[in-house]
Amino acid sequence: LVQTLGMALVPLTGNIGQLLAATCIYSVGNGLGSGSMMTLGADLAPADARGEFLGVWRLIGDAGASGGPLAVGGVADLMALPAAIWVISAAGLVASAVFAFFVPETLRKPETRPASPADLPAG
C-alpha cells in the first residue's frame, strides 16, 4: 500500500520537491516489501518439491516484473503517462486486497499451554 501511495502521488506532483517526496514514499514501501515475495514462496513451498516450486514462483514473478513496463508503456501509448500510473496504482490496490483477504499467514507459532504445578521448579 505504501508503494501504491507513492506511485499514485507521482502524477500529482508539480515540481522536483514534490516528485522527490513521492519517490521517497515509494522507496520506503519498496524497502518494507523487499524480499517478502521470496520469503512467502519459501514458506508456502511443499517440502518435497521446494526447488521446483520456487523456480516456478520466481518465473511468475519475473514475468510480472518484465510485463509491468510493457503494460505501462501500452497504457501510456493509448492514453497518457498519468493514466498509466493510475492503472499501475489500481493494480497495487488490487494486489494489496488479494494479500489481505486470500494469502494465509505463514508464521507458525508453537502451541502454548497454561503452566501447571508440574512445570514449576522444585524447592
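Here's a quick rundown of the structure. (Residues numbered from 1 in each chain as written. Predicted model: local features only at pLDDT ≥ 70, side-chain atom pairs only at ≥ 80, totals over all residues. Heavy atoms only, no water.)

1. Notes on the overall build of the chain
We apply this condition: Only DSSP runs of H or I reaching four residues or more are called helices, and only runs of E reaching two or more are called strands; each is numbered from the N terminus. All radius of gyration figures rest on C-alpha atoms, and the globule criterion is 2.2 Å times the number of residues raised to 0.38. When charges are tallied, Lys and Arg are placed among the positive residues and Asp and Glu among the negative ones, while His and the ends of the chain are skipped. For the purpose of locating charges, the reference atoms are NZ of Lys, CZ of Arg, CG of Asp and CD of Glu.
Scanning the chain from terminus to terminus reveals five helices and zero strands. Start at the N end of the chain and walk to the C end: the helices and strands fall as α-α-α-α-α. Whereas a compact globule of 123 residues would reach a radius of gyration of roughly 14 Å, the chain reaches 21 Å, over 25% beyond that. For the C-alpha atoms alone, the extent of the chain along its principal axes is close to 75 × 35 × 20 Å. With 5 positive and 8 negative side-chain charges, the chain shows a separation of 8 Å between the mean positions of the two kinds.

2. A few points about helix α1 (residues 2-9)
Counted only if it meets this: Exposure classes here rest on a 1.4 Å probe applied to the protein chains alone. A residue is buried below 20% of its type maximum, exposed above 50%, and partly exposed in between. We call two residues in contact when some of their heavy atoms are within 4.5 Å.
Burial in α1 covers these residues: T4, G6 and A8. For α1, the elements touching its buried residues are α2 (16-33) and α5 (81-102).

3. Considering the environment of I16
Along the polypeptide, I16 turns up in helix α2. By relative accessible area, which is 70% here, I16 ends up exposed. Placed 50 residues apart in sequence, I16 and S66 show a C-alpha to C-alpha distance of 28 Å.

4. Considering the pattern of salt bridges
Worth spelling out the cut-off: Basic side-chain nitrogens of Lys or Arg form a salt bridge, by our definition, when they fall within 4 Å of a carboxyl oxygen of Asp or Glu.
Under the definition given, this model contains one salt bridge. In this structure, D62 engages R58 in a salt bridge whose closest nitrogen and oxygen atoms are separated by 3.1 Å. Taken together, the residues D62 and R58, both in helix α4 (residues 50-78) and four residues apart, mark about one turn of the helix. A relative accessible area of 46% places R58 in the partly exposed class.

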